[in-house]
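What follows is the residue order along each chain.
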Amino acid sequence: MNSTIADRLHEVQARMAMIARRCGRRPEEIQLVAVGKTHRAEAIEAAMAAGATIIGENYVQEARDKFAALSHRPAAWHFIGHLQTNKAKYAVRLFELIHTVDSLKLAEELNRQAGKAGKIQRVLIQVNTGGEKSKSGVTAEQAPALARELSGLEHLKVEGLMAIPPYFNDPEASRPHFAALRELRDRIAALAIPGIEMQALSMGMTGDFEAAIEEGATLVRIGSAIFGARA
Ligand SMILES: *Cc1c(COP(=O)(O)O)cnc(C)c1O
């Protein structure tokens with residue numbers, strides 16, 4: 001009842017490791033992105049103090065404020081929200097990995113800003129596996145072509161794919177989306193596009209990370225199970 005952020009983080013980490021072992025994977029293959037959106041810097045700091053090493057944020061301005069408040073704590077910040085091209089400059093300054101590249105236009109601007117900053121920006125391609133109008137991401141059909149287009153951008157490092165499946169009450173309903181993302185990742189990897197790595201799979205949230213790990217997730221993005229419900 002009175003569990004703390006530290007308790008809940010450790011519980012999530014333990015569950016992740018248990019699920020990984022149970023399906024024959026090494027726990028180190030799966031990284032936890034602690035999703036802090038809407039939660040205060042103090043809450044993020046509690047998670048960091050308890051061992052969270054990757055913080056996921058959805059909004060650039062919110063992340064800038066927290067990043068400034070928590071700059072004394074080493075952590076990797078990941079961007080997992082919809083990124084507008086006019087925020088690319090700030091995103092490149094703040095984030096080690098941007099999970100949500102879904103157009104050539106955005107990628108070109110990130111590439112330009114990364115070049116100016118003297119940085120190689122790590123990114124994932126977001127795929128809209130459910131074909132939902134309300135969600136960003138390219139279709140599975142478009143993803144290989146976008147990967148080819150990104151291969152020419154020398155300040156970007158494409159590392160894999162990300163998806164947010166449609167919301168279901170039944171976590172098993174996400175599984176086909178996770179499996180489809182993994183198959184798509186393997187298909188793009190087989191194209192051996194120069195400069196494109198296809199290892200990472202960012203998928204799984206509080207409600208469905210078990211199925212995501214079983215289907216091959218390398219990054220799970222978990223908010224409510226650590227920080228509690230969002231207001
Ligand atoms: C909010 C959010 C999460 C975390 O969701 P929870 O259900 O709270 O774990 C993960 N990924 C994305 C893209 C999000 O926006």
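Residues numbered from 1 in each chain as written. Predicted model: local features only at pLDDT ≥ 70, side-chain atom pairs only at ≥ 80, totals over all residues. Heavy atoms only, no water.

Under an unreviewed UniProt entry, the name given to the protein is Pyridoxal phosphate homeostasis protein, and the organism recorded is Desulfatitalea alkaliphila. UniProt's Function (unreviewed entry) comment on the protein is quoted here verbatim: "Pyridoxal 5'-phosphate (PLP)-binding protein, which is involved in PLP homeostasis." Comment text from UniProt for the protein, heading Sequence similarities (unreviewed entry), reads "Belongs to the pyridoxal phosphate-binding protein YggS/PROSC family." (UniProt positions renumbered as here; feature names shortened; annotations may be inferred.)

S.K.: Honestly, the site of the ligand in this entry has me stumped. Any pointers?
M.R.: The environment of the ligand is formed by Val35, Lys37, Asn58, Ile80, Ile164, Met205, Thr206, Arg221, Ile222, Gly223, Ser224 and Arg230. Measuring from an oxygen atom of the ligand, one finds a side-chain N or O atom of threonine 206 at 2.5 Å. Note that an oxygen atom of the ligand is positioned 2.8 Å from one of the backbone N or O atoms of glycine 223. In isolation the ligand has 390 Å² of accessible area, and contact with the protein removes 90% of it. Looking at the shell around the ligand residue by residue, the class counts come to five nonpolar, four polar and three charged. (Near = heavy atom within 4 Å. Polar contact = N/O pair within 3.5 Å; in protein donor to acceptor, adjacent residues only side chain to side chain. Areas by Shrake-Rupley, 256 points an atom, 1.4 Å probe, with all protein chains shown as cover. Nonpolar A, V, L, I, M, F, W, Y, C, P; charged D, E, K, R; others polar.)

S.K.: Sorry if this is basic, but what is going on with the UniProt feature "modified residue: N6-(pyridoxal phosphate)lysine" (unreviewed entry) in the protein here?
M.R.: Following the UniProt record, one finds the feature "modified residue: N6-(pyridoxal phosphate)lysine" (unreviewed entry) at Lys37. The topology assignment puts lysine 37 in the loop between β1 (31-35) and α2 (41-49). Apart from the residues lying within four places of it in its own chain, the contact partners of lysine 37 are Gly56, Glu57, Asn58, Tyr59, Glu62, Lys66 and Arg230. (Helix = DSSP H or I, 4+ residues; strand = E, 2+ residues; numbered from the N terminus. Contact = heavy atoms within 4.5 Å.)

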